[in-house]
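# Structural overview
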Amino acid sequence: GAVVSQHPSWVICKSGTSVKIECRSLDFQATTMFWYRQFPKQSLMLMATSNEGSKATYEQGVEKDKFLINHASLTLSTLTVTSAHPEDSSFYICSAALYGRTGFLGYEQYFGPGTRLTVT
Amino acid sequence: GIQVEQSPPDLILQEGANSTLRCNFSDSVNNLQWFHQNPWGQLINLFYIPSGTKQNGRLSATTVATERYSLLYISSSQTTDSGVYFCAVTLTGGGNKLTFGTGTQLKVEL
């Protein structure tokens, strides 16, 4: 249980184009999903919190007009990288929050397999 | 913001050895998770452990929230344990946002 999928798993695009990444919770509903970015040999950095039916909350330093997030349903959030540039090349990972699954009264995050974006 | 430091940064073990990974955090937290990131990048949930001790097979974890640290024990290590281990915390009063630690890169050799 608590499976999260991402699509595509990898994508190569040309500079200036836009890329959409989908994140789905397959066997549970998630009012909150998160988007992270990871550079090689580094830790995960939170980009934004995606709330179903409302605007995403972006972390400081993350351009909201460049990284568009839409959480249209309780099982789907999308991240669109607009006008991509080579410096946007990275590993993008989403997670979905599930409450109380392991006995503690709190939210546990489950992660998708990630999307490797290369901008040429 | 909260600082989450993990030690050691790198660790090489012979198969069958035991190890302890440490996670120190600088502020009060109400959630702590341990993850294993495999070589393909997938994060696998190991423990959700804001306090106390849990065990799952060869792995166990202990969090002492009042002293701001957590430990992950790996016993009888196997080559499939290789990868990066992250702890991640949620700051008290910080909603559900996870702040990830610096990670421990583990390599288990035959």
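As shown above, the structure is provided for reference.
Residues numbered from 1 in each chain as written. Chains lettered and ligands numbered in written order. Predicted model: local features only at pLDDT ≥ 70, side-chain atom pairs only at ≥ 80, totals over all residues. Heavy atoms only, no water.

## Remarks on the environment of Ser95 of chain A
Residues and elements named next belong to chain A.
- Relative to the elements of secondary structure, Ser95 occurs in strand β9 (residues 90–99).
- According to the relative accessible area criterion, Ser95 is buried, its value standing at 0%.
- C-alpha of Ser95 to C-alpha of Thr75: the two residues are 20 residues apart in sequence and 11 Å apart in space.
- Ignoring anything within four residues of it in the chain, the contact list for Ser95 reads Met33, Phe34, Tyr36, Gln109, Tyr110 and Phe111. (Helix = DSSP H or I, 4+ residues; strand = E, 2+ residues; numbered from the N terminus. Buried < 20%, exposed > 50% of the residue type's maximum accessible area, 1.4 Å probe, protein only. Contact = heavy atoms within 4.5 Å.)

## Digging into the packing of aromatic side chains
- Inspection of the entire model under this criterion finds 9 aromatic pairs over all chains.
- Look at Phe28 of chain A and Tyr110 of chain A: their rings are 6.4 Å apart centre to centre, the planes differ by 65°, and that puts the pair in the edge-to-face class. Of this pair, Phe28 of chain A sits in the loop between β3 (19–25) and β4 (32–38) while Tyr110 of chain A is found in strand β10 (residues 107–111), placing the two residues 82 residues apart along the sequence. The exposure classification of Phe28 of chain A matches that of Tyr110 of chain A, with both residues buried.
- The interplanar angle of 65° and the centroid separation of 5.0 Å between the aromatic rings of Tyr99 of chain A and Tyr107 of chain A together place this pair among those described as edge-to-face.
- Clustering of aromatic rings is evident, with ring pairs tying together Tyr36 and Phe111 of chain A together with Phe35, Phe86 and Phe100 of chain B.
- In this structure, Arg22 of chain B is placed above the aromatic ring of Tyr69 of chain B, and the distance from its NZ or CZ to the ring centre is 4.3 Å. (Phe/Tyr/Trp six-rings, centres within 6.5 Å; stacked < 30°, edge-to-face > 60°. Lys NZ or Arg CZ within 6 Å of the ring centre and 35° of its normal.)

Note that all results are geometric; they support no functional claim without further evidence.
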